[in-house]
Amino acid sequence: MDQAVKTLQTWISESKNIVFFGGAGVSTESGIPDFRSVDGLYHQQYAYPPETVLSHSFLRSHSEEFYRFYRDKMIAPWAKPNPAHAKLAELEQAGKLQAVITQNIDGLHQMAGSRQVLELHGSVHRNYCSKCGRSYPISRITESSGIPVCEDCGSMVRPDVVLYEEALDMDLMNRAISYLRSADVLIVGGTSLVVYPAAGLIQYYRGNKLVLINKSPTALDQKANLVISGSIGEILSQITL
Ligand SMILES: [Zn+2]
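Residues numbered from 1 in each chain as written. Predicted model: local features only at pLDDT ≥ 70, side-chain atom pairs only at ≥ 80, totals over all residues. Heavy atoms only, no water.

1. Quick notes on the pairing of strand E1 (residues 18–22)
Phase 1 of the analysis: Burial runs high along E1: five of the five residues are buried.
Phase 2 of the analysis: The two faces of E1 match: Ile 18, Phe 20 and Gly 22 on one face and Val 19 and Phe 21 on the other face are all buried.
Phase 3 of the analysis: As paired strands, E1 and strand E2 (residues 97–102) are joined by five bridges and run parallel to one another. Each bridged residue has a counterpart across the sheet, and for Phe 21 the counterpart in E2 is Ile 101.
Phase 4 of the analysis: Pairing between E1 and strand E7 (residues 185–189): five bridges, direction parallel. (Buried < 20%, exposed > 50% of the residue type's maximum accessible area, 1.4 Å probe, protein only. Helix = DSSP H or I, 4+ residues; strand = E, 2+ residues; numbered from the N terminus. Pairing = 2+ DSSP bridges.)

2. Observations concerning the side chain of Ser 30
Phase 1 of the analysis: Counting through the fold element by element, Ser 30 comes out in the loop between helix H2 (24–28) and helix H3 (40–45).
Phase 2 of the analysis: Residue classification places Ser 30 among the buried residues on the basis of a relative accessible area of 11%.
Phase 3 of the analysis: Separated by 2.7 Å, the side chain of Ser 30 and the backbone oxygen of Lys 80 make a polar contact. (Polar contact = N/O pair within 3.5 Å; in protein donor to acceptor, adjacent residues only side chain to side chain.)

3. Remarks on the coordination of the zinc ion
Phase 1 of the analysis: On the protein side, the zinc ion has Cys 129 (SG), Cys 132 (SG), Cys 150 (SG) and Cys 153 (SG) as donor atoms, found 2.3 to 2.4 Å from it.
Phase 2 of the analysis: Spacing between the donor residues of the zinc ion along the chain follows C-x2-C-x17-C-x2-C. Highlighted residues: Cys 132 in the loop between strand E4 (122–129) and strand E5 (135–136) and Cys 153 in the loop between helix H9 (139–142) and strand E6 (157–161), separated in sequence by 21 residues.
Phase 3 of the analysis: Using a relative accessible area of 42% as the deciding quantity, one classes Cys 132 as partly exposed. (Donors = N, O, S within 2.8 Å, 3.2 Å for Na, K, Ca; no water.)

4. Focus on the sheet that holds strand E8 (residues 210–214)
Phase 1 of the analysis: Spatial strand order, E3-E2-E1-E7-E8-E9: six strands in an open sheet with parallel pairing. In this open sheet, the two edge strands, each paired with only one partner strand, are strand E3 (117–119) and strand E9 (226–229). Sheet twist, expressed as the mean angle between neighbouring strand axes with direction ignored, is 15°.
Phase 2 of the analysis: Strand direction decides the pairing type here: E2 and E3, joined by three bridges, are parallel. Within the sheet, the bridge partner assigned to Ile 101 lies in E3 and is Leu 118. (Axes fitted to C-alpha atoms, helices over the stretch in contact; angles between N-to-C directions.)

5. Some details on helix H10 (residues 170–182)
Phase 1 of the analysis: For H10, with 13 residues, the first-to-last C-alpha span of 18 Å sits near the 18 Å given by 1.5 Å per residue.
Phase 2 of the analysis: Those residues of H10 that fall on the buried side of the exposure criterion are Leu 172, Met 173, Ala 176, Ile 177 and Leu 180. Summarising the axial view, the buried residues of H10 lie within an arc of 140°, below the 170-degree limit, and thus occupy one face.
Phase 3 of the analysis: Of the surrounding secondary structure, the elements contacted by the buried residues of H10 are E1, E2, E3, E7 and helix H11 (198–202).
Phase 4 of the analysis: At the N-terminal end of H10, a side-chain oxygen is found 3.0 Å from the backbone nitrogen of Asp 171, two or three residues along, and the residue is Asp 169. (Expected span 1.5 Å × (residues − 1). Arc of directions from axis to C-beta. Contact = heavy atoms within 4.5 Å.)

Structure representation (structure tokens):
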């Protein structure tokens, strides 16, 4: 075990108030592509950049194109939790981890057994009618084609995910801030910390055990107390309870 991972092990062993903040990198290790890493294939298939497609106005004006992208790139019903999800769930069950705050929308933390999961950008598993509000599971999207519609009123069913131009849930943000303020150890993983609101939220942490685990350097490496370079799954799976 390398020295940085040993230090992380010590901090985890000594704490009962760990908070984890995760980004897309946590999900890419389950095979879910980060839509921001645009590939050549994408350019051939879509006429608009992802930031345009995944916006509130685009959902309204180009619903069919939105759902084509969404079904293709944003939902992965086959995906399974990886060792990072599993270890975080174990840490919660052991009473050591208080919350997972995530920018991911895939529900893999809950699938791994985590209970206190704050999904800042919503979840593909929750969907609702844009007119009457009726709730629908993900199957409403995956088992339909074109624009998914409400059984009751025929209006468009949309995912409960935060699109560009849409506001974050402030109650959820305040809960996240409260966890971050009181955390003893804060582990930030799989995020370059450039996507809103990640970088801003981390500022609320007041402790001296800020751990960054990422494959590449991040904007906050200077502020971190411990920087571990590598796969979040490989690193967390070395931790023992
Ligand atoms: Zn409806």
